[in-house]
Each structure stands twice: as C-alpha cells, then as structure tokens.
Amino acid sequence: MAEYSALSLLKNAFSGNRGWKPAWRKASPKPAYDVIVVGGGGHGLATAYYLAAEHGIRKVAVLEKGWLGSGNIGRNTTIVRSNYLLPESIRFYDHSVRLWENLSHELNYNVMFSQRGVLNLAHSPAQADDYIRRGNAMRHEGGDGVWLSPAQIARYAPGVDISPSARFPVVGGLLQPRAGTARHDAVAWGYARAADRLGVDIIENCEVTGFLRDGDQIAGVSTSRGDIRGKKVAVAVAGSTGRVMKLAGIENLPIESHVLQAFVSESIKPFVDCVVTFGAGHLYMSQSDKGGLVFGGSLDLYNSYAQRGNLPLVEEVMSEMTAMFPAVARLRLLRSWGGVMDMSMDGSPIITKGPLPGMYLNCGWCYGGFKATPASGYSFAWTIAKDEPHPINAPFTLSRFERGVIIDEKGQGPTPKLH
Ligand SMILES: Cc1cc2nc3c(=O)[nH]c(=O)nc-3n(C[C@H](O)[C@H](O)[C@H](O)COP(=O)(O)OP(=O)(O)OC[C@H]3O[C@@H](n4cnc5c(N)ncnc54)[C@H](O)[C@@H]3O)c2cc1C
C-alpha cells in the first residue's frame, strides 16, 4: 500500500485521481487466527492495529457485521477531551489525548485532530465550584484545566450569550485548551488502513452469531460466513455488547443500552471555534469544518437497541440550544441520527480479560468512547497480548463492580437515564 504524501497527492492530481488504491483489502475469513476481534468500530480497529504494531501479533481478524463506520464511530459528535475529576479517568483519557496528538502521523492518515478547546459553561456558584475543583484535579495530574471569567468567555467564544439577562446567566467556564475534535469516520478508516498494512484481515459483512468452545475455553466464533477459530477472542461491539455477550451465555453485565441522538444544522460562516457545553442542561455544540453546527444532548430515556431517537429529546435539545445560543434560533436543521450507547453502571468503561477463559471484553463507553479510541485500543491490545492490564486500564476491569471500587465520574450510577 502506497504511503500518503504531498508527492502522491500531486502525482494523482495530474493523473485524474485514478491511481488511488482501496485503503484496505477485502479480506475473506481464514479458518484460524491468533486473535479475533469482534466489532469493526473504532475500538476494534484500534485494538487490531496496536496488536500488530506494538506486540507483533499479526494473525488478527476484525469481524464487522456491517461496514466500517456504520456504528457509533461514524455517528458521534467527534469531541476529544480529558477533562475528568478522578485520577484514574484523567490518566486514561490524557493518555488518549497524547496518542491523538500524533495519530495522523502514526497512521499516515489525516484524522483532522483539531485542538480547538472544550469549554464547559457554569451557570451557578455551586457549579463554578464543581468545575474549578475539576480543573484543579486536572492540573494536579499534569493536565490543562483553565477557569475563564464571563469576560474571558466573551473573547474566547463570542457566540455565547453572557449577558445577565440570558435565560441561564453564565458565571464562568472550565476550558481544556488541548481538547477538541477529530473527524470520526477518518479514525475508523485510518486505523483500518494501518492495521491492514500490517497484515490484519478486516472482514466486513461478517456477523458473529455464536461462540465456539473447547470445554470452558472460548475457541473461536460462528459467523454468517462460517466458523472461525481463534486462540483469543476480543469483543468490542459497543451498544451491541448485551446482545453479543448473551451469545456466550453472559447476561449479567453491568451495562444498559440507550439511544443517544445528534444533530447537524445547515452550514453557516464561522460562528464558534471551540466546543461548548451548556451547564444548565445536557447540551454540547461545535462547528464542523464544513460550517454545520454539530450538537447533541442527553440519552433517550428507555432501553433500546434501535439506532433511531424520539421526538421529546429533539424538542429538549433544540430548546437548550436556543437558550444557550439565541442567535441560531432561525437556523435550519439538516440531519439528526441516533446511536446505541453501552452505558455502564458507574459511567466508566470496562476493558478486561474475561469474563470467560479465552475471551476479552471492551465496553461501557457511555457517551464518551470516541475520544478514548486510541487509549482503548492501545490498552486493550496490551491486555490481550500480555494477559494482564496496562497500568492505565488496570482500574477499569470488570472485577471493580464485585470489589465495589466503582469509578463514578458524573453521578451516573446504576440509573443512566437519570443522568
Ligand atoms: C450521537 C452520539 C454522539 C457521541 N458523541 C461522542 C463524542 O462527542 N465524543 C466521544 O468521545 N464519544 C461520543 N460518542 C460515543 C462514541 O461514539 C462511542 O462510545 C464509541 O464510538 C464506541 O466504540 P466503537 O467505535 O468501537 O463503536 P462502534 O462503532 O459502534 O463499533 C461496534 C461495532 O460492532 C459491530 N457489531 C455489533 N454486533 C456485531 C456482531 N454480532 N458481529 C460483528 N460485529 C458486530 C457493529 O456493527 C459496530 O460497527 C457518541 C455516540 C453517539 C451515538
């Protein structure tokens, strides 16, 4: 596979762009692999890439029931950040930001990582205290949380209504300057291409329908394209975790599936050049390079595996959007869509060996798995290759729920719909 470079761009421009090769092979399943990764989303593809790149394990298959990018990796609102409170989370997500910073170079694929900053608005003194505490915790871990006054916010994000007559007056905001956005589907394509170059088989339209066993040991998978044996089987299917793990007889995971919706407006001139979150509700917004405002809110309240949302949430998000940015009230909405979220019972992910011998599980990403894609793939690959967690994912094993050592970042707890 040719290297992408300024020279190859130029050469192809002069030959009518007919020289480009597909970014990855259309691999067919082989009878056996060292590692089978179930799920060709961001996390599955990143895992396969780091298995090959960091651990030299190249007999790897990624099995995807649809096409790459059809799941949440192609449905999210692209925010990348590490503005957490608890040290375990800050370390994990900061590791991810550091991998993001070099990702386009490492993958030889432009994932359009843009460190435009993420600004969390506060609307009451109590909320300001909460965010200042979070910023202090971030700085304590070597991170970059900065408290901004309303006047500083007016300069940093001029579209925000900071007037005292605003429906929810802004008292300040926590800014993470190194946070930002990346192009979501480019992340899937970049990892897929880089993994393929290292020999990983990426097999689309291949649904896992069951697990093969040698006694207690998971020994492979049954798929819509036949049985495939694997010394190790890694599951990274995000919102489908409950359904896929049920095929292995596991029905008591601390996960619920809920739909999260997102929206994009018609394109407008540059309006806001950072990501802004509205502290008086569940709303966040950024502007894409094409000019559309990309925004989302909270979960739909019921459990579901359907990739579509409901209207009450649309109404709620629109009312929050116009409260925060009155100037957008007459903008037209272009598209909305939904994705199925794997909500864990403490709001933090699970990256673990088990729960069955020969199996490894990556799930529980809630609203925030896109930003974790590099660190998730990196630490999951480590766990699979070495049969022990990397220090950054050691706190995130499944056993934390048995031991009562939960990592509750956002008061999500066992009722995700209350969050
Ligand atoms: C609307 C929305 C907005 C979001 N915004 C953000 C954000 O701004 N920032 C952020 O960090 N996170 C965000 N997220 C969360 C983030 O997108 C997810 O946490 C993350 O993408 C999940 O990991 P993944 O990419 O591997 O999932 P997916 O892309 O969903 O990958 C899982 C794959 O498994 C496949 N699969 C399922 N069952 C099977 C089977 N039986 N056999 C084979 N394959 C199977 C699916 O087809 C799917 O492709 C958002 C999510 C949504 C829906």
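Residues numbered from 1 in each chain as written. Predicted model: local features only at pLDDT ≥ 70, side-chain atom pairs only at ≥ 80, totals over all residues. Heavy atoms only, no water.

## With respect to the side chain of Ser-298
Then step 1. Summarising the element assignment, Ser-298 is placed in strand E15 (residues 292-303).
Then step 2. Within polar-contact distance, the side chain of Ser-298 engages the side chain of His-282 at 3.5 Å. (Helix = DSSP H or I, 4+ residues; strand = E, 2+ residues; numbered from the N terminus. Polar contact = N/O pair within 3.5 Å; in protein donor to acceptor, adjacent residues only side chain to side chain.)

## What about the nonpolar core?
Then step 1. Formed by 59 residues in total, the largest nonpolar core has its most connected members in Tyr-50, Phe-92, Trp-100 and Tyr-191.
Then step 2. If sequence neighbours within four positions are ignored, Trp-100 has contacts with Val-80, Val-111, Phe-113, Ala-182, Val-187, Phe-370, Lys-371 and Pro-374.
Then step 3. Within the second largest apolar cluster, 28 residues are counted, among which are Leu-63, Ile-203, Phe-211 and Ala-248. (Core = buried A, V, L, I, M, F, W, Y, C linked by side-chain atoms within 4.5 Å. Buried < 20%, exposed > 50% of the residue type's maximum accessible area, 1.4 Å probe, protein only. Contact = heavy atoms within 4.5 Å.)

## A word on the packing of aromatic side chains
Then step 1. Applying the stated rule across the entire model yields 15 aromatic pairs.
Then step 2. Note on Phe-263 and Phe-295: the rings are 5.5 Å apart at their centroids and 25° apart in plane angle, and the pair reads as stacked. With Phe-263 in strand E12 (residues 255-267) and Phe-295 in strand E15, the pair connects residues that are 32 residues apart, well separated along the chain.
Then step 3. Since its relative accessible area comes to 0%, Phe-263 is described here as buried.
Then step 4. A relative accessible area of 3% places Phe-295 in the buried class.
Then step 5. Taken together, the ring pairs in this structure connect Tyr-84, Phe-92, Tyr-93, Trp-365 and Phe-396 into an aromatic cluster.
Then step 6. When the ring centre of Trp-382 is taken as origin, the NZ or CZ atom of Lys-386, which lies over that ring, is 4.7 Å away. (Phe/Tyr/Trp six-rings, centres within 6.5 Å; stacked < 30°, edge-to-face > 60°. Lys NZ or Arg CZ within 6 Å of the ring centre and 35° of its normal.)

## Some remarks on the UniProt feature "domain: Rhodanese" (unreviewed entry) in the protein
Then step 1. UniProt records the feature "domain: Rhodanese" (unreviewed entry) at residues 35-79, using the numbering of this structure.
Then step 2. Note that residues 35-79 is 31% helix and 20% strand, and that its end C-alpha atoms are spaced 30 Å apart. (UniProt positions renumbered as here; feature names shortened; annotations may be inferred.)

## Let's talk about helix H5 (residues 125-140)
Then step 1. Taking 1.5 Å of rise per residue, the 16 residues of H5 would be expected to cover 22 Å, and the 22 Å separating its terminal C-alpha atoms lies within 8% of that figure.
Then step 2. Buried residues of H5: Gln-127, Ala-128, Tyr-131, Arg-134, Gly-135, Ala-137 and Met-138, and no others.
Then step 3. After H5 finishes, the residue Gly-142 shows a positive phi value of roughly 90°. (Expected span 1.5 Å × (residues − 1).)

## A short note on the pairing of strand E9 (residues 208-214)
Where a strand is regular, its side chains alternate between the two sheet faces.
Then step 1. The pairing of E9 with strand E10 (residues 217-223) spans 6 bridges and is classified as antiparallel. In the strand pairing of E10, Val-208 is matched with Thr-223.
Then step 2. From the end of E9 to the start of E10, which pair antiparallel, there are 2 residues, and Gly-215 there has a positive phi angle of about 65°. (Pairing = 2+ DSSP bridges.)

## Some points on the site of the ligand
Then step 1. Residues in contact with the ligand amount to 37 residues; listed here are only the nearest, Glu-64, Asn-72, Thr-77, Tyr-367 and Lys-371.
Then step 2. With respect to the ligand, the backbone of Asn-72 contributes an N or O atom lying 2.8 Å from an oxygen atom.
Then step 3. One nitrogen or oxygen atom from the side chain of Thr-77 is found 2.8 Å from an oxygen atom belonging to the ligand.
Then step 4. When the free accessible area of the ligand is taken as 1,000 Å², the share hidden by the protein chains comes to 96%.
Then step 5. Secondary structure elements with two or more residues in the shell around the ligand: helix H2 (42-55), E12, strand E16 (333-344) and helix H10 (369-386).
Then step 6. When the residues that make up the shell around the ligand are grouped by side-chain class, the tally is 18 nonpolar, 14 polar and 5 charged. (Near = heavy atom within 4 Å. Areas by Shrake-Rupley, 256 points an atom, 1.4 Å probe, with all protein chains shown as cover. Nonpolar A, V, L, I, M, F, W, Y, C, P; charged D, E, K, R; others polar.)

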